[in-house]
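# Descriptive analysis of the structure
What follows is the residue order along each chain.
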Amino acid sequence: MASDPLPSWQETGPRAALLDFVARVSDPDHADFVPAPERIAVFDNDGTLWSERPTYFQLLYARDRLNQKAGEDPALLENEIMRAVAEGDWDGAFSGGYEGLIGVVTVSHSGMTVEDFQTDVRDWLAGARHPETGRRYTDMVFAPMLELMALLRDAGFTVWIVTGGGVHFVRAFAAETYGIPPERVVGSTGPIEYRTEPGPPRIFKLPGLEFMDDGPGKPVGIDRQIGRVPIFAAGNSDGDYAMLEYVTSAPGPRFGLLVHHTDAEREFAYDRDVALGALERGLIDAEGRGWCVLDMARDWSAVWPER
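What you see is a predicted model; the values in this text were computed from it and never measured.

### Notes on the environment of Ala 297
- In this fold, Ala 297 is placed in helix H13 (residues 296-299).
- A residue is classified by how much of its surface remains accessible, and Ala 297, at 40% relative accessible area, is partly exposed.
- C-alpha separation for the pair Ala 297 and Phe 268, spaced 29 residues apart in sequence, amounts to 9.8 Å.
- Discounting residues that sit within four places of it in the chain, Ala 297 has contacts with Thr 262, Asp 263 and Arg 266.

### Overview of the pattern of salt bridges
- Taken as a whole, this structure holds 15 salt bridges when the rule is applied.
- In this structure, Asp 240 and Lys 218 form a salt bridge, with 2.6 Å as the shortest nitrogen-oxygen distance. Taken together, the residues span a long stretch of sequence, with Asp 240 in the loop between strand E7 (232-235) and helix H11 (241-248) and Lys 218 in helix H10 (residues 217-225) at a distance of 22 residues. Across the pair, Lys 218 and Asp 240 agree in class, each one buried.
- Put simply, Arg 266 and Asp 263 hold a salt bridge, and the shortest N to O gap is 2.5 Å.
- Judged by relative accessible area, which is 6%, Asp 263 ranks as buried.
- Here the residues in one salt-bridge network are Asp 4, Glu 11 and Arg 15, joined through shared partners.

Conventions used here
Residues numbered from 1 in each chain as written. Predicted model: local features only at pLDDT ≥ 70, side-chain atom pairs only at ≥ 80, totals over all residues. Heavy atoms only, no water. Helix = DSSP H or I, 4+ residues; strand = E, 2+ residues; numbered from the N terminus. Buried < 20%, exposed > 50% of the residue type's maximum accessible area, 1.4 Å probe, protein only. Contact = heavy atoms within 4.5 Å. Salt bridge = Lys/Arg side-chain N within 4 Å of Asp/Glu carboxyl O.

Any functional reading would require information beyond the geometric quantities listed.
Take a look at the structure:
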């Protein structure tokens, strides 16, 4: 373990609590020792591992692809939600909830092989820039969280991403960006189909939504793909509440971490009154549930990695 495994963390409560927890559960001589196979950590992605403003980055990808296709078929924008996404009106886009966005995802994410989709995502990430920071989206990952994941791995944890984002979208960059292989990404899924023609056998992405890995869906996704209750969970919104509740309610040593976006100068400041990524119930219940609330402005000395 590095002499300073968390160099981007201030000497405040969250850093101390994390180091203490990791030390206890990985020490065979400690009463809280947890065997390595049970040392599992799960992280939300949007707003927890990278930024999520002005909207989820996957939706910015969907917007760009929707606008490309609308150039060939303007009738796509006759739908109110489609038009809102195309114009970057995110309040309007979310007016119908997640279900209203299924049509957008259908247009931008289906009708191709998984391989072709992920190649397109990687190409987009290589060239696209955030509208406010000018950074590549993969440069807007949180340096302190990269350090935390490395600390956990060094302590024998298996680290997973459990995200409301599309599983094929996140798998396209998770290994290079986070060091997390695709098989350790749990996410929302649409229908897929195995086809042998035309060309070699491939998995094709079909229209629609099959499983939403958000809210109460996150514990379901964890059970389906991990098969154990993790001992560590990190999120940033009420969409992660059920995941933290599920993880920290189990017996034995547990850790729940909430990232509170308080840093308008270096990143963005928001919690309750937003259309996506709202954090209200988590803030209210965190103390009673023993969750650690990380104040980004106070507890991090850096937000994004140096470039």
